[in-house]
Amino acid sequence: MLFGKKGTIGLDIGSSYIKVAQLKDIKGGYELELFDMLPIPPDLIVEGSIIDSFRLKDSLKELIRKANIKIKDAVTGIAGHSSVIIKRISLPEMSEEELSESIKFEAEQYVPFDIEDVNLDFQILGPKEEAGQMDVILVAVKKDVVNEYVSVVKEAGLNPVIVDINSFALENLYEVNYEIEPEKNIAIVNIGANTININILKGGISVFTRDSAIGSNIHTEALQREFNLTYENAERIKRGEPLENVSPEDAFFVIESTSDEIIGEVNRSFEYFRSTTSQADIHEVILSGGCVLLKDFPKLFVEKVGIETKVIEPFKNIQIPKRFDMAYIQEIAPIAAVATGLALRRLGDR
Ligand SMILES: Nc1ncnc2c1ncn2[C@@H]1O[C@H](COP(=O)(O)OP(=O)(O)OP(=O)(O)O)[C@@H](O)[C@H]1O
Ligand SMILES: [Mg+2]
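Residues numbered from 1 in each chain as written. Chains lettered and ligands numbered in written order. Predicted model: local features only at pLDDT ≥ 70, side-chain atom pairs only at ≥ 80, totals over all residues.

Caption draft 1: Region of interest: the overall build of the protein. In terms of regular secondary structure, the protein is built from nine helices and 16 strands. Each principal axis of the C-alpha atoms in the protein carries an extent, and together these give about 65 × 55 × 40 Å. Counting all 350 residues of the protein, 37% fall into the buried class. Sequence separation of 24 or more characterises 68% of the internal contacts of the protein that already satisfy a separation of 6 or more. (Helix = DSSP H or I, 4+ residues; strand = E, 2+ residues; numbered from the N terminus. Buried ≥ 20, exposed ≤ 12 C-beta atoms within 10 Å, placed from the backbone. Contact = placed C-beta atoms within 7 Å.)

Caption draft 2: Molecular detail of the site of ligand 1. Taken together, 22 residues lie around ligand 1, and Gly14, Ser15, Gly192, Ser216 and Gly290 are the ones closest in. The two domains that each donate at least three residues to the shell around ligand 1 are domain 1 (1-82 + 143-178 + 316-350) and domain 2 (180-312). (Near = placed C-beta within 6 Å. Domains from an automatic or database assignment.)

Caption draft 3: Examining helix H4 (residues 166-177) more closely. A rise of 1.5 Å per residue sets the reference length of H4, with its twelve residues, at 16 Å; its end C-alpha atoms lie 17 Å apart and thus fit the reference within 8%. What H4 keeps buried is the set Asn166, Ser167, Phe168, Ala169, Leu170, Leu173 and Tyr174. (Expected span 1.5 Å × (residues − 1).)

Caption draft 4: Broad picture of helix H6 (residues 231-238). Those residues of H6 not exposed but buried are Ala234, Glu235 and Ile237. Each buried residue of H6 sits inside an arc of 155° when the element is viewed along its axis, so together they form one side. In this structure, the buried residues of H6 make contact with helix H5 (217-227) and helix H7 (248-276). One or two steps after H6, the chain reaches Gly240, where phi turns positive at roughly 85°. (Arc of directions from axis to C-beta.)

Caption draft 5: Structural detail: the domain arrangement of the protein. Each assigned domain of the protein is listed with its residue range as follows: domain 1 (1-82 + 143-178 + 316-350) and domain 2 (180-312). Centre-to-centre, using C-alpha coordinates, domain 1 lies 22 Å away from domain 2. In this assembly, 20 residues from domain 1 lie in contact with 26 residues from domain 2. Broken down by element, the side of domain 1 that touches domain 2 gets its largest block of residues, six residues, from H4. Grouping the amino acids of the side of domain 1 that touches domain 2 by side-chain chemistry returns ten nonpolar, seven polar and three charged. (Nonpolar A, V, L, I, M, F, W, Y, C, P; charged D, E, K, R; others polar.)

Caption draft 6: Expanded view of the confidence of the model for the protein. Residues of the protein with pLDDT of at least 70 account for 96%, and the chain-wide mean is 92. In this model, residues 1-5 is a region of pLDDT below 50 whose contacts with residues beyond four sequence positions or in other chains number three contacts. (pLDDT = per-residue confidence, 0-100.)

Caption draft 7: Up close: the pairing of strand E3 (residues 29-39). Inspection of the sheet shows strand E2 (residues 17-26) paired to E3 by ten bridges, in the antiparallel sense. Each bridged residue has a counterpart across the sheet, and for Lys19 the counterpart in E3 is Met37. The loop that links E2 with its antiparallel partner E3 comprises two residues; one of these, Gly28, has a positive phi angle of about 75°. In terms of strand pairing, E3 meets strand E16 (residues 318-319) through two bridges, oriented parallel. When the sheet's bridge partners are listed, Tyr30 is paired in E16 with Ile318. (Pairing = 2+ DSSP bridges.)

Caption draft 8: Region of the structure containing unusual backbone geometry. Here Glu47, not a glycine, exhibits a phi torsion of approximately 50°, which is positive. Its place among the elements puts Glu47 in the loop between strand E4 (45-46) and strand E5 (49-50).

Caption draft 9: Local environment of the sheet that holds strand E6 (residues 73-78). Pairing in this open sheet of six strands is mixed, and the strands run E10-E6-E1-E2-E3-E16 from one edge to the other. Lying at the two open borders of the sheet, with one neighbouring strand each, are strand E10 (159-165) and E16. The pairing of strand E1 (residues 9-13) with E2 spans four bridges and is classified as antiparallel. Counterpart to Asp12 in the pairing with E2 is Lys19. Across the sheet, helix H1 (residues 53-67) touches E2 and E3, and the angle it forms with E3 is around 130°. On top of the sheet, helix H3 (residues 143-155) reaches E1, E6 and E10; it is set at about 145° to E10, its chief contact. (Axes fitted to C-alpha atoms, helices over the stretch in contact; angles between N-to-C directions.)

Caption draft 10: Local environment of the nonpolar core. Counting 87 residues, the largest nonpolar core has Leu11, Ala187 and Val189 as its most contacted members. Taken together, domain 1 (1-82 + 143-178 + 316-350) and domain 2 (180-312) each give at least three residues to this core, which thus spans both. Ignoring any residue separated from it by four or fewer positions in sequence, one finds Ala187 in contact with Ile198, Ile200, Phe270, Ile282 and Val285. (Core = buried A, V, L, I, M, F, W, Y, C linked by C-beta atoms within 7 Å.)

Caption draft 11: Region of interest: the sheet that holds strand E12 (residues 196-202). Across the sheet, which stays open at both edges, the five strands sit in the order E13-E12-E11-E14-E15 with mixed pairing between neighbours. Every interior strand has two partners, whereas the edge strands, strand E13 (205-212) and strand E15 (308-311), have only one. The sheet shows a mean angle of 20° between the axes of neighbouring strands, taken without regard to direction. When strand E11 (residues 185-191) meets strand E14 (residues 284-288), the two strands line up parallel, connected through five bridges. Each bridged residue has a counterpart across the sheet, and for Ile188 the counterpart in E14 is Ile286. Each of E11, E12, E13 and E14 is contacted by H4, which is oriented at about 45° to E12, the strand it contacts most. Contacts from helix H8 (residues 297-305) reach E14 and E15 within the one sheet, and its direction differs from that of E15 by about 160°.

Caption draft 12: Fine view of the packing of H5 against H7. At a minimum axis distance of 9 Å, the contact between H5 and H7 shows a crossing angle of 140°. Relative to H7, H5 is oriented oblique. Seen from above, H5 lies across H7 with right-handed handedness. Residue-level inspection shows Ile218, His219, Ala222, Leu223 and Glu226 of H5 in contact with H7, the latter providing Ala251, Val254, Ile255, Thr258, Glu261 and Ile262. (Parallel < 35°, antiparallel > 145°, perpendicular 65-115°, else oblique. Left-handed = near helix turned anticlockwise from the far one by under 90°.)

So this is what it looks like as structure tokens:
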């Protein structure tokens, strides 16, 4: 297609930054075509729900203009919170077609909402050791939440083709950038402004997901409280910008003690994973999301969690053309991870 604008964009509608990424298929892999992001006010999306779709639409339009996006087809992602259920379940062996027919019936006992109020999807993970059984990942998303996101994307002039789950986007990104080690359990931990998404992969296959409604916004709130700052100024401190009347040492103290809360939450999810599954321990953590950019956060994380930890490299195996500001892309890479993972999805993928 010489003049066609084929392909999709990945649109990560976070509660503090909206991001867009576009990838180009090249021989043997991918090339970054475009990445951009825009901060949004903290009151547009609250607890995963779009509170102010009017202003969010305007921000999306601004991002599209700023990033010079020509493609309309957008893959967007949502997080868990209370509106998404992801469960690994065991079912009698059957074909994908058969399961499509019966998924509603099978899902009913696992979904705490009216089954008519959710969109259902599933992925068959292959046969279990026990004969005649298979493992399936069941995903149920409340229709009204999906619709909130779909409508705002449409209002921004885009065509929402897939609504993905952020944790799964990171799993796709992981597959592209990392060698799968069959014996290892790897936890991808995405810490944004208001959400933590955890996805634990065993040999590259998801065995546990959990989202918590806490994120680096508690750093912002603590700084605002402690030093009587506006949201914007607290955000500046987090980025390491100097601010009159607040010493970097005092700020760091507040940030560090607040980080403990976030890391504690991750640790509790890890504990839950260990106690509810017969899987072995977690061997490695891959950290993603804006919280990771806080000074010394990864270091503190390792100290508290005691597991080998790496910061995600979303562009490890994705070529970045010379026209990009390399230093900038590397710096914000953990923030770009979900959008890049969403941009990997192609129509027709399951
Ligand atoms: N350079 C930086 N240094 C420190 N913190 C940063 C930096 N840039 C962004 N952050 C923080 O990271 C968070 C944003 O990260 P991210 O974009 O992953 O979240 P989000 O996707 O908007 O939120 P969520 O997914 O929870 O809705 C904000 O709390 C912001 O203050
Ligand atoms: Mg996010």
